[in-house]
Amino acid sequence: MKEAELRETEDRLQAAAAPLASLADPTPGSELGAIRVPDGEAVFELSDVGVWYGNKHAISGINMQIPVRKVTALIGPSGCGKSTLLRCLNRMNDLIPGARIEGEINYHGTDIYAKKVDPVEVRRRIGMVFQKPNPFPKSIRDNVTFGAKVNRIKGTPDEIAERALRQAALWEEVKNDLSKSGLALSGGQQQRLCIARALAVQPDVILMDEPCSALDPIATLKIEDLIRELTKEYTIIIVTHNMQQAARVSDNTAFLLAQEHGVNGQLIEYGPTNELFTNPRDKRTEDYITGRFG
Amino acid sequence: MAVSSSMRLRAEGAVARRQWLSRASRYLFLGATLCGLAVLALLMFITLREGLERLDWDFLVNYPSRFPEQAGIRPALLGTIWVVGVTMILAVPIAVGTAIWIEEFAPRNGFLSFVKLNLSNLAGVPSIIYGILGLAVFVRFYSLGPVILAGSLTLALMIIPMTVIASQEAIRQVPPSQRDGALALGATRWQAVRHNVLPSAMPGIMTGIILALSRAAGETAAIIMIGGFTFLQFSPSFLTPVQSLTDAFTILPIQIYGWTIDPREAFRQNAAAAIIVLMVGVMVLNIFAAVIRERFRPS
């Protein structure tokens, strides 16, 4: 009971502080208080983040803080820039020719786009799981230990593989087949292998880009359970098309929207998941989660 | 709608015509395939009938002679092996390196387009032009003389463009998700290339290399231009490799050419036998390529 009270107070404080936060958002028409600052220590602080692909302004004016050891979901209709935003956080956008990032992304207080920051260091700490499972055409063991090997992480391959596979809840299923090809696994197993592979590098944050969109409902549930389990140790940011999934796994949800075709994506609302889904502050969020568009 | 008893689902009218065309096209394309095969079979048959009886161990290890029954292809066979081997050593690192740079590291700008355009152009340049270049640059300007090294440098220049293009193609076949997967784990660009891209692209790259080498093995014009001999009484030795690089040489195609222009019938037989040796050599290379393709194919 005390906790609930505390939480309510915090929420009220936040609601009071929200107009201040939204001052940083230069977008005209964005409602006051729709973008909230979550509790706790922030892993990422984004200020005025925008991305250009050539002449196309994909997203702009994103201001948000992502808290440590929580699951943050990015939702929104196709083309709203949620994957683009995710790929900014570990500098994967650097790999796309013509991509430019504006604004500042602070990771534990360091701007990851500062000149002296090495993208390889960033990606080692901020792992990523992709939409389509992409195991390497190598054995399960080599898949898991690849990142540890290139990053010279201590431990024998078998130790590293077992620890990561246990964390990814895949160990029991593959412990006798570590030399089998990673491609021989089912789709859901492949995705957990990719998660294990990311965990083996001992990251701090794991970015997941629609990790379940290629999986069946049972495999999806397994991954969702895993996400809840991993959040005890890791910060997870997940892009999802599936609003139920966001509601099931995330602590905070950010809703992005590209208002019209060809117009860049913006952060419309950001706050605790249960509030965003039960009591959205922005009309557009409400329209989206009630299925009126998208 | 109920299915009437008279409905037999037989193709009629327009469907029948389309089906007839589809069946006919199968034979048309089979015919196209057989045209090529028939010519090849005829060629092989004539060559085998002419040269097979002449083919024996002595033929492989003897030096050429003005007596056709004593003549052999030792210098030409060893010369071909040497020239192709050295060409491979010279061309492969440069070609594969270039392909990796273009596909994995090069900034997408005007310079890259310029390089790519020139590579395609160079791949289409007739080999005699490479021969002239080799003669002017390696034989004369660098005063190498008509030696194995000059021949290999010339052939290397000739096969680099096509090897680059084949390797590029193989590298481009590797799905981007493989690279992204490696890079997202904190691999450097080179580590992603070394551990993920190259192993997956290896079968394609090897195929490209071997096809280019079999072309080099059969190359005549460029080597005639730089001055390969037709009548040599010594052959390059594997025991003194540095010396061998600067030896005068001949190669099988030139030996064949030299014998076919001789009016005596017995020399034609020699030529046919030498052609068989060259064909078997190229076939071995191609089988080797196929084996490697299978070996490296991901499970």
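Since the structure is predicted, the reported quantities are computational estimates derived from the model, not experimental observations.

1. Notes on the overall build of chain A
- Helix and strand counts for chain A come out as 11 helices and 10 strands.
- Across the 294 residues of chain A, 47% fall into the buried class.
- Pairs at least 24 residues apart make up 67% of the contacts formed inside chain A by residues separated by at least 6 positions.

2. Quick notes on the overall build of chain B
- Per the secondary structure count, chain B includes 12 helices and 0 strands.
- For chain B, the α and β elements follow one another from N to C terminus as α-α-α-α-α-α-α-α-α-α-α-α.
- Taking 19 Å as the expected radius of gyration for a compact globule of 299 residues, we find that chain B reaches 25 Å, considerably beyond that expectation.
- Across its three principal directions, the C-alpha atoms of chain B cover 90 × 55 × 35 Å.
- Contacts spanning at least 24 positions in sequence make up 76% of the contacts within chain B whose residues lie at least 6 apart.

3. Some thoughts on the interface of chain B and chain A
- On the chain A side, the residues contacting the 17 residues of chain B number 23 residues.
- Of all the secondary structure elements, the ones that give two or more residues to the side of chain B that touches chain A are α7 (176-184) and α8 (189-217) of chain B.
- With 6 residues, the top contributor of residues to the side of chain B that touches chain A is α7 of chain B.
- In terms of residue class, the side of chain B that touches chain A is made up of 5 nonpolar, 10 polar and 2 charged.

4. Digging into the nonpolar core
- With 151 residues, the main nonpolar core has A196 of chain A together with A274 of chain B as its most contacted residues.
- At 16 residues, the largest contribution of residues to this core is made by helix α6 (residues 148-172) of chain B.

5. Topic: the packing of helix α4 (residues 140-150) of chain A against helix α7 (residues 187-199) of chain A
All names here are of chain A.
- Remark: α4 packs on α7, axes separated minimally by 6 Å, with the N-to-C direction vectors making an angle of 35 degrees. Here α4 runs over α7; the crossing is right-handed. For the pair α4 and α7, the contacting residues are I140, N143, V144, F146 and G147 in the first and L193, A196 and R197 in the second.

6. Looking at the packing of α4 of chain A against helix α5 (residues 157-167) of chain A
Residue and element names in this part refer to chain A.
- Orientation of α4 relative to α5, taken along the N-to-C sense of each, is 100 degrees, at an axis distance of 9 Å. When the axes of α4 and α5 are compared, the pair comes out roughly perpendicular. Across the interface between the two elements, R141, V144, T145 and A148 of α4 pack against P157, I160, A161, A164 and L165 of α5.

7. Points about the confidence of the model for chain A
- Chain-level statistics for chain A give a pLDDT mean of 87 and a share of 87% at 70 or above.
- Segment residues 19-32 of chain A: pLDDT under 50, and 21 contacts once partners within four positions in sequence are set aside and those in other chains are kept.

8. Topic: helix α3 (residues 74-105) of chain B
- Taking 1.5 Å of rise per residue, 32 residues should cover 46 Å, and α3 of chain B covers 45 Å from first to last C-alpha, within 8% of that figure.
- Where α3 of chain B bends most, at A91 of chain B, the angle is about 30 degrees, and the proline P93 of chain B comes one to four residues later.

9. A short note on α5 of chain A
Residue and element names in this part refer to chain A.
- When α5 is considered as a whole, its buried residues turn out to be I160, A161, A164 and L165. The buried residues of α5 occupy an angular sector of 120 degrees when the element is viewed end-on, so they sit on one face. Of the exposed residues in α5, the ones pointing more than 90 degrees away from its buried face are D158 and E159.
- Along its buried surface, α5 packs onto α4, α6 (171-174) and α7.

10. Quick look at the confidence of the model for chain B
- Looking at chain B, the pLDDT average stands at 90 and 97% of residues meet or exceed 70.
- Across the interface, the model reports ipTM at 0.83; the global pTM reads 0.82.

11. Description of unusual backbone geometry
Residue and element names in this part refer to chain A.
- A positive phi angle, close to 60 degrees, is found at R91, a residue other than glycine.
- With respect to the helices, strands and loops of the structure, R91 is situated in the loop between α2 (82-88) and β4 (99-107).
- Notably, R152 is not glycine yet its phi reads approximately 55 degrees, a positive angle.
- Assignment of secondary structure puts R152 in the loop between α4 and α5.
- On the basis of neighbour count, R152 is assigned to the exposed category, with 6 C-beta atoms found within 10 Å.

12. Some remarks on the environment of L193 of chain A
All names here are of chain A.
- In this fold, L193 is placed in helix α7.
- Between the C-alpha atoms of L193 and A169, which are 24 residues apart in sequence, the distance is 9.2 Å.
- Among residues more than four places away in sequence, those in contact with L193 are P135, I140, N143, L170, G182 and L185.

13. Notes on the pairing of strand β7 (residues 205-209) of chain A
Residues and elements named next belong to chain A.
- By the criterion of burial, β7 is predominantly enclosed, with 5 of the 5 residues buried.
- A two-sided burial pattern is seen for β7, the buried positions comprising V205, L207 and D209 on one face and I206 and M208 on the other.
- Note: strand β6 (residues 126-129) against β7, 4 bridges, orientation parallel. Considered in β7, the bridge of V129 is made with M208.
- As judged from the 5 bridges shared by β7 and strand β8 (residues 235-239), these two strands associate in the parallel manner. Within β8, the residue paired with I206 across the bridge is I236.
- Read as a crossover between parallel neighbours, the route from β7 over helix α8 (residues 217-230) to β8 is right-handed.

Each value, and the rule that gives it
Residues numbered from 1 in each chain as written. Chains lettered and ligands numbered in written order. Predicted model: local features only at pLDDT ≥ 70, side-chain atom pairs only at ≥ 80, totals over all residues. Helix = DSSP H or I, 4+ residues; strand = E, 2+ residues; numbered from the N terminus. Buried ≥ 20, exposed ≤ 12 C-beta atoms within 10 Å, placed from the backbone. Contact = placed C-beta atoms within 7 Å. Rg over C-alpha atoms; globule rule 2.2 N^0.38 Å. Nonpolar A, V, L, I, M, F, W, Y, C, P; charged D, E, K, R; others polar. Core = buried A, V, L, I, M, F, W, Y, C linked by C-beta atoms within 7 Å. Axes fitted to C-alpha atoms, helices over the stretch in contact; angles between N-to-C directions. Left-handed = near helix turned anticlockwise from the far one by under 90°. Parallel < 35°, antiparallel > 145°, perpendicular 65-115°, else oblique. pLDDT = per-residue confidence, 0-100. Expected span 1.5 Å × (residues − 1). Bend = angle between axes of the 7 residues up to and from the residue. Arc of directions from axis to C-beta. Pairing = 2+ DSSP bridges. Right-handed = clockwise from strand over helix to strand, strands pointing away.

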